[in-house]
Every structure is written in structure tokens, then in C-alpha cells.
Amino acid sequence: MKNVIGVINLVNEKQYLKELTSHRCLSAVPFGGRYRLIDFTMSNFIHADITKVAVFTKEKYRSIMDHLGSGKEWDLDRRNGGLFILPPTHPDELIKGDLQQFHDHIEFFHRSPEDTVVISPGHHVCKMDFQEIVEHHKNSNADITVVYKDFDGEPVDKPIYHKYAIRNDGRVKNIELYTSPEQGESVGLETFVIKKDLLIEIIKTCCENGEYDFLKDGIKANLHHLKVNSYHYKRYFPFIHSISSFYKSNMDFLNPELAQDFFYDTWDIYTKIKHEAPVKYSISSKVSNSLVANGCDIEGTVENSIIFRGVKIRKGAVVKNSIIMQKGEINEGTYIENVITDKQVKITSEQVVIGDSIPRIVKKADVV
Amino acid sequence: MKSKKWIAMLLAGGQGSRLGELTTGLAKPAVPFGGKYRIIDFPLSNCTHSGIDTVGVLTQYQPLVLNHYVGNGRPWDLDRNFGGVSVLPPYQGKDGGEWYAGTANAVYQNIQYIDHYDPEYVVVLSGDHIYKMDYSKMLQYHVEKGAQATIAVIEVPWSEASRFGLMNTDEENKISEFEEKPAKPKSNLASMGVYLFDWKLLKKYLIEDELDPFSTKDFGKDIIPKILSDGKSLYAYRFEGYWKDVGTVESLWEAHMDLLDDIPGFDLNDPHWKFYAGNANHPPQYISKEAHISQSLVNEGCVVHGNIEHSVLSFNVQVGKNTTIKDSVIMPNVKIGNNVTINNAIIASDICVEDGAEIGSSSPAAEITLIGDAQNISYVATNGKSSVK
């Protein structure tokens, strides 16, 4: 789509995923065997032919910069447009909100000839058709379009989601910030379509008044005089706000129908290419109902699990209902159940590591 | 002007007619290998790891797939401002142009390309071998020996020696005689199709050879014997390690089987010497509850519901329920239905095998069955050979 800028807004990220987000931002968390969460939004943008994408990072963004590189894997190394990574400009100061960081990089918006901006967070696992959403936005002559979904996630213990009251004609009547939604309530997906000029005006006006929150100060405060419309998103979308919901949404992909629809029948999800060899199964391997990525060496037993790139599972090791991230090593005779091991974890031989209903996490590069 | 110490010329124009239907629509170096690669990935990755950053790829037969695949060389880290990879098809000049008439003629026609980089040495490689080789060690040897040309050789079993071009050498590995596929071999040192030349010397011989009306314009048949008979300093560099010519259906199948042992004859997964490949974005593979996989290589993008034993599955292969695949190679994008049996076979890319088909024979004496036509048909084995149902 010509004339559209994609903005991936990491400024509002929370560290929902405990140890998994202790050294990386939420969008950089590995997902689904070979991806990082940000791959889904990146791939959705390129599918919609949005070829100018700006990633506003807040903190712990080394891994995301390493992952995105020049943007080549997402076809975003362009002479015109392409990938822009826009980190905080005053690292010593606390960031007061996303509008402040948009303001610090206002030159980016000024310089861009495009007239429309799509803003999305970087941690959504979904196939969102931005082309359709932008068309919906333009056809309805809205100033701003917000994307929402009927809440179907696990209950939240902290008020973290924003509820929208939507009129029959799709207009947003009210926004209730920081709530714990019930099943079926309309929850905002922090995804917006807005005219660039209006966005610039909101950024400037709000920051002059010491207001720094795009949703609260830019949209909610202007509901009465802007036409804020809505787009009802209905496809697969896991609400990831805890270890348990993160685990469950990974396991969703062991459902062949979802995997077929998500990975094969619709557009591709791109990620950083690692040039790993195909998976090697030995004579002793037993694998069932699992996703396995390249570079793995499987000699043991794997059941109902997600195995990331470059993992070694040695003879006699058993991995059940678990997620083993990149370059993990599960040694001889070890038994693992309901566990998430972060990157480069080594579980020595003859160990038993079992999580309960909430999976146990083994921190990055730990040796157990 | 900038110049390069050395560059490589990769001969990739061959048809590979002994690979049958696998090379109907593409050149031999573009034939898929090892579940995710094409044959050309091996010499290209070897160049990258050896520190060669300029590679001319000489194409002629069915170059479309190869041209597209090599592209700007990025997967092999060969997208460079000065150097990098260049695809070199035959071209027309002021005095007309002609097809490459032989391996030596192909390089001769690109003297201008090589001179542009003004290299001291030129490595000539072929695009039909699977191996892992550090060419920089060969260069070091070439320099130490004070050689003008060096040929990489590998010891082959005496029983097979007569299939190869053989080098007879003295104790210093200086080559005294070269024999192309002799009936009675005097040596078991086979040429690997990897040559290293002082560029000045090679250029002179290429120009001379071009003027010789009796020459077949081939490195093995013409250039090397001429250099030898002129008494130039020609050495054999002994390579130790895995090297396999995959020019026939049989040898291509064997090379795949060599990947599968617990300690494989050839290890694709060496973290210090990765083989790079293009088109590498596919979802993780899904192995279902019904599946059994043992001693196999399975690439990303596969969905497996059946039994896979001692086989290679390339990317985006789907295997249905109650299907058994044994001792076979399944190339990319193949769909295999339910209740299928496949033994000792190679299934070419994009084939659709229908439910209940039987392909190949499990008899150890059976030839390798090649299903090479991209058509939606089912096969039944009859005496180890397949026919359309």
C-alpha cells in the first residue's frame, strides 16, 4: 500500500513474561519454534505492502536490533522507505509515554511523504490484514480507526487491558483504560489507523500540554470532536499477558488446523534466517505431536512440545509438554515436563525438571 | 587499481544428463540436495569459508533456476561492492559470440571478467560435488610447493579408480602423468575437479588452447595434459575428507544416505562450517501423533503423519497417514497421500503421490527408482520399476 507508514510501538510494553523479558523486550521473546513475537507484525506489514516501517524501542532492545538487522528478511531493505529503528533520544531520562518518543522523532513523520499511519504493538501473534483495515478506515471517513476484539483470553489479575464502548454504527463511544475484562467484552488491541497530519498535530498539542499517552491523551480525550471508528478483529489472536497464556498460545500451534491456516493457507511469516541444517533424527528418536525447527539433533523422546532452532535432545532424554528455545541442550536420561527453557539452556544428564500447571521457566543460558 | 589475491570460477553450465528427469528444467548444480540445499551451495559455501569473495558462475544449460537462485549472492555472503558473485552466461561481443564449447572455453570467454580483478590465482571449481573443503589450505600448499598449477586429489578405492581422472605422482606429490579413466589404473589418486592456477599461466594456456583446432577445450582433456607435457610445475594436493560426485541418480541417492548415520559420513550441521542456502523461510516442521521418524533428515515446512525411516525429506513435504518412506529422498514441495509405500526412491520436486501408491522396491538389489515428472499421477512398482497406474 502506497502512502502508508507502519509504526511498531514498543514504548508501552510491559514485562509480562518474567524471566523471558528480564533481558529482552517483550517483542523479542521467541515464539513458535523459530520466530520472535515481532515477526508477526513485521510480516503483516509487508503482506499489506507497507514498505516503510518504524520500530520505536524503549529498553533492552539489543536483541530486537540484532534480530531485525537491515530488515532484509522482511523485504524491508529499501532505497525508499524500508526499516527505521528509532530508540529513545534521551537515554538518561524516564520516558513519559509513547507520544514523547514520537515527539522526539517527529522529524521522521515530517519527512515522510505518506499520508496515513498504522500503529501496532510488536508482540501480537496474529494474521492481521492491514490492507483491509486501512481500507475500512478510509471508506468510513474516520479520523482514527481503532482495532478491537472480543476478549477470549485467560483472566487477568491486573487491570491491563483497555475496554471500548462501541456504538452500533461502529463509532467509539467511550474508552475505559486499565481494566480486567470479562469474556466477550470489547478490548482494544492497541492498533490504530490515523492520518499522518492528525497524528503530528496530536503529538505536538499533547506534548506542549505535558500529556504523553497516545490512547488516553490523543484518542480518549478527543472522542467528542474526532470521528473515532472501530474495526472488529475476529480471527485467531491469543491474549498474551502471563507465562501461562504465553505457553498456551505456543501450544495452540500443535493444532494442525490452526497451523495450516496460519502458516500455509495465508501469507508467510518471515524471521531472521540462521542457515541451520535440516533436523536430524537418530535411530532412537521418538517424536510425536511437536513442532521442530531446523538445526536440531533429536535422539530422545519429544511429546507435545515446541523445539526451537539448534536444540540437541540426547539419547534417553524425554521432553513432554515443554518449550525448548534456541540452542538448548537436554542431555542423556533427563526428564522434562511442563517447562520453558530460554535460549542456550543446558540440562545435564539424569535430571528431572517438572513444572506444574504454570510451566517452570529456566533462565537464559542456565545450566541445570 | 584494486586487485584480488584470488578468485574462483565455478563451472555450472553442465546439463547432468545422467540425472535423468531431475535436470529436465534445471542445470545440474541447481538440483536439490540434502533436504534444503542445491548442489551449488556446497562450492559456494566452501568459497565463503575459505575467504574467496569473488566467484564467477559460468552458466549455459537451463540457467533460469540457477540465475534466480544465485541472485546477488547474499545467502553466501557474496553480495560485495567489489567482487561478490557474478553469473556469467555466454555473451555476444564485437566479433560475435558463441556457446561455451567446453570447460576451458567457458573460462577463456571470461578472461575479461577475471582480468578485471587482476588476481594472482584462479581456482576452477565444478558444480556437481558434495564436499567440505578449505581452499585456502590448498592455496597455502600451492605457494609452499612453488607450484604453477595444483590439482586437488582424493584417494578412491582401487576397484573404482578407472571411473576417474587419475594422477600419477612422485614422492613430492609432483604430478608426472595424468590419465583420464584408464582401464588399468596406475594410481588411485582421483582428480576432484578442483584446480588452482597461477592466473598468468592459465591465461596463456587458455589463449593457446583456443587457437588449437584439435582441442576439445576441456580442462581435464586439454589444458592439464598440455601444462604437464610442457614440464610446468604441477602438483597434486591430497584432500582428506568426504567428497562425492553426484552426477548420477545412484550416486545422488548414495550421497543422501551418507547424511543419515548417527555419526554421518558427511555432517551438514557443523557450526563452524555451515552450508548456506537460498529460499530458507519455512515454518517449523510438524510431527503428528501417528508419525514415526528414525535415522532421517527432515527440513522445515514439512508436515509428517507417516513413518519415515532412513530418508531425507526436503522443505514443504507433506506425508499422509499410514504411509511408509524408507531409504528414499523426497525433494521439495512433494505431497504424499495416505497408505503410500516408498522404498529406495528419489521423488523429484513438486510431485503429488496419490493415496495407496507403491513406489520402488525394498529388494536390496533393486535399482533406485526416480519419479521425476511433475505430474499428478500415481505409481505402482513392478519389478522395481515404476509405471503409471
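Everything in this summary refers to the structure shown in the same document. Keep in mind the model is a prediction, meaning the values are calculated, not measured.

All right, on to the interface of chain B and chain A then. Of the residues lining the interface, 40 residues belong to chain B; the matching set on chain A comes to 37 residues. Where chain B abuts chain A, roughly 3100 Å² becomes buried across the two surfaces, and 49% of that area is made up of carbon and sulfur atoms. Among the residues of chain B in contact with chain A, B:Asn281, B:Pro284 and B:Tyr286 are the three that bury the most area, contributing 20% of the side total. For the pair chain B and chain A, the number of links is one salt bridge. Where A:Arg34 meets B:Glu300, a salt bridge forms, and the shortest distance between an N and an O atom there is 3.2 Å. When contributions to the side of chain B that touches chain A are tallied by element, the ones reaching two or more residues are β16 (285-287), β17 (292-294) and β18 (296-298) of chain B. Looking at the side of chain B that touches chain A, its residues break down into 20 nonpolar, 13 polar and seven charged.

Bringing unusual backbone geometry into the picture now. Residue and element names in this part refer to chain B. Even without a glycine there, the phi angle at asparagine 333 is positive, about 60°. As for its position among the elements, asparagine 333 is in the loop between β24 (329-330) and β25 (335-336). Phi is positive for asparagine 339, which is not a glycine, with a value near 55°. Along the chain, asparagine 339 falls in the loop between β25 and β26 (341-343). Take asparagine 339: its relative accessible area is 41%, and that puts it in the partly exposed class.

Turning our eyes to something else, we now look at the packing of helix α6 (residues 199-211) of chain B against helix α7 (residues 219-229) of chain B. Residues and elements named next belong to chain B. Close contact between α6 and α7 brings their axes to 11 Å; oriented N to C, the two are set at 115°. Seen along the crossing, α6 lies across α7 with a hand that is right-handed. Along the contact surface, α6 presents Leu201, Leu202, Tyr205, Leu206, Glu208 and Asp209, while α7 presents Phe219, Asp222, Ile223, Lys226 and Ile227. Here the contact of α6 with α7 is composed, by residue class, of seven nonpolar, no polar and four charged.

Let's shift gears to the environment of A:Tyr148. All names here are of chain A. Here tyrosine 148 lies in strand β7 (residues 144-150). Here tyrosine 148 falls in the buried class, since its relative accessible area comes to 9%. Sequence separation between tyrosine 148 and serine 230 is 82 residues, and the spatial gap between their C-alpha atoms is 7.1 Å. Those residues in contact with tyrosine 148, other than ones at most four positions away along the chain, are Tyr164, Ile166, Ser186, Val187, Gly188, Leu189, Ser230, Tyr231, His232 and Tyr233.

Here is what the cut-offs are and how they apply
Residues numbered from 1 in each chain as written. Chains lettered and ligands numbered in written order. Predicted model: local features only at pLDDT ≥ 70, side-chain atom pairs only at ≥ 80, totals over all residues. Heavy atoms only, no water. Contact = heavy atoms within 4.5 Å. Buried area = accessible area lost by both parts, 1.4 Å probe. Salt bridge = Lys/Arg side-chain N within 4 Å of Asp/Glu carboxyl O. Helix = DSSP H or I, 4+ residues; strand = E, 2+ residues; numbered from the N terminus. Nonpolar A, V, L, I, M, F, W, Y, C, P; charged D, E, K, R; others polar. Buried < 20%, exposed > 50% of the residue type's maximum accessible area, 1.4 Å probe, protein only. Axes fitted to C-alpha atoms, helices over the stretch in contact; angles between N-to-C directions. Left-handed = near helix turned anticlockwise from the far one by under 90°.

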